[in-house]
Amino acid sequence: DRSKWSDLYVSDSNKIILGADGDLQIYHDGTDNHIEATSALNIATANSGVAVKIGHSTSEVSVSDNFTVTGDVGIGTSSPTHKLEVRGGDIHFENTSFTNTFLDVKGTSANAYIRAYSDSNSVWLYQGGSSSYLSAQSGSTLRLNSGSSNLILLDNSGEVMRTSNGNLLIGTTTDSGEKLQVEGD
């Protein structure tokens with residue numbers, strides 16, 4: 001009968017110890033609250049099973065359901081100033097299935113930007129209204145590199161311009177060796 005239960009009070013630094021070998025300890029040290037376990041710590045609900053698992057031999061935290069954060073999330077920083085802030089490393093996205101992988105950036109009532117920048121330079125890829133832009137900071141050089149001998153620009157009608165071995169081809173895909181080659185009107 002739960003109506004006969006009362007609160008359990010344990011003074012600071014005294015522990016509630018569970019398990020034959022003290023596998024789980026719960027206590028307050030006067031400043032912080034502690035839950036210490038000698039094996040993985042599972043946080044679960046009766047309806048959904050294990051929702052959060054905190055590893056023991058590694059620092060791994062697994063969430064098997066939706067994970068909602070109402071504030072900012074910092075990786076490599078304890079004081080993030082953005083919804084997601086990563087410091088001191090790279091971000092890697094990998095889709096191991098045979099479907100396309102997307103990085104979506106959407107501005108609902110404003111432009112959507114992807115910006116790469118350093119202390120002295122920046123480049124933007126952005127969508128503004130019905131136009132898309134690739135733009136470099138004023139005073140800097142925007143370089144496009146295909147990683148091969150050809151750089152090809154396309155529009156809805158097909159290929160518009162191509163570079164081939166240092167030559168510029170407009171309206172043609174056949175390189176005659178001239179520096180500028182134009183076909184059509």
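One can find the structure itself at the top, above this paragraph.
Cut-offs applied
Residues numbered from 1 in each chain as written. Predicted model: local features only at pLDDT ≥ 70, side-chain atom pairs only at ≥ 80, totals over all residues. Heavy atoms only, no water. Helix = DSSP H or I, 4+ residues; strand = E, 2+ residues; numbered from the N terminus. Rg over C-alpha atoms; globule rule 2.2 N^0.38 Å. Buried < 20%, exposed > 50% of the residue type's maximum accessible area, 1.4 Å probe, protein only. Contact = heavy atoms within 4.5 Å. Areas by Shrake-Rupley, 256 points an atom, 1.4 Å probe, with all protein chains shown as cover. Lys, Arg positive; Asp, Glu negative; His and termini not counted. Charge placed at Lys NZ, Arg CZ, Asp CG, Glu CD. Salt bridge = Lys/Arg side-chain N within 4 Å of Asp/Glu carboxyl O. 1 Å grid on protein atoms, 1.4 Å probe; cavity = no way out; pocket = protein on both sides within 12 Å on 5 of 7 lines; lining within 4 Å. Points joined across faces, edges and corners; volume = space filled by probe spheres on them. Nonpolar A, V, L, I, M, F, W, Y, C, P; charged D, E, K, R; others polar. Pairing = 2+ DSSP bridges. Axes fitted to C-alpha atoms, helices over the stretch in contact; angles between N-to-C directions. Phe/Tyr/Trp six-rings, centres within 6.5 Å; stacked < 30°, edge-to-face > 60°.

Residues and numbers for the overall build of the protein, please.
Helices and strands together make up the secondary structure of the protein, namely zero helices and 15 strands. The C-alpha atoms of the protein give 29 Å as radius of gyration, which overshoots the globular expectation for 185 residues (16 Å, by more than 25%). Each of the three principal axes of the protein carries a C-alpha extent, and together these read 95 × 40 × 35 Å. For the protein, the proportion of its 185 residues judged to be buried stands at 9%. Pairs at least 24 residues apart make up 0% of the contacts formed inside the protein by residues separated by at least 6 positions. Of the roughly 15500 Å² of accessible surface on the protein, a fraction of 50% belongs to carbon and sulfur atoms. Of the charged side chains in the protein, 11 are positive and 22 negative; the average position of the first set lies 3 Å away from that of the second.

Which residues make up the pattern of salt bridges, and what values do they have?
Per the counting criterion, the structure on display carries one salt bridge. Residue R87 pairs with E85 through a salt bridge whose shortest N-O separation is 2.7 Å.

Can you break down the layout of surface pockets residue by residue, with the values?
Looking at the largest pocket, its volume works out to about 330 Å³. Taken together, H82, L84, V105, Y113, I114, R115, A116 and Y117 form the lining of the largest pocket. Considering each element in turn, the lining of the largest pocket owes the most residues, five residues, to strand β9 (residues 112-117). Here the residues of the lining of the largest pocket sort into six nonpolar, one polar and one charged. For the second largest pocket, the calculated volume is near 280 Å³. Taken together, L84, E85, V86, G89, D90, I91, F93 and L103 make up the lining of the second largest pocket.

Mind laying out the sheet that holds strand β10 (residues 122-128), listing which residues take part and the relevant values?
Overall, antiparallel pairing links the three strands, which are arranged β9-β10-β11 in an open sheet. In this open sheet, the two strands that pair with only one neighbour each are β9 and β11 (131-136). Shown here is a sheet whose adjacent strand axes are inclined to one another by a mean of 5°, direction ignored. Where β10 meets β11, six bridges bridge the pair, whose relative direction is antiparallel. Note that in β11 the partner of W124 across the bridge is S135.

Residues and numbers for the packing of aromatic side chains, please.
Per the counting criterion, the structure on display carries two aromatic pairs. Judged by centre distance (4.6 Å) and plane angle (25°), the ring pair of Y113 and Y126 falls under stacked. Of the two residues, Y113 is situated in strand β9 and Y126 in strand β10; the sequence distance between them amounts to 13 residues. Geometrically, the ring pair formed by Y126 and Y133 is stacked, given 4.7 Å between the ring centres and 20° between the ring planes. Here Y126 falls in the buried class, since its relative accessible area comes to 18%. By the ring-pair criterion, three or more aromatic residues cluster together here, those being Y113, Y126 and Y133.

Account for the sheet that holds strand β13 (residues 158-164), naming residues and giving values.
Two orientations exist for strands paired in a sheet by backbone hydrogen bonds: parallel and antiparallel. Ordered by their spatial adjacency, four strands build an open sheet running β12-β13-β14-β15, and the pairing between neighbours is mixed. The open sheet has two free edges, formed respectively by β12 (150-155) and β15 (180-182), since each of these has just one partner strand. The mean angle between the axes of side-by-side strands here comes to 15°, regardless of whether they run parallel or antiparallel. Where β12 lies against β13, six bridges are found, and the strand directions are antiparallel. Pairing of L153 across the sheet is with M161, part of β13.

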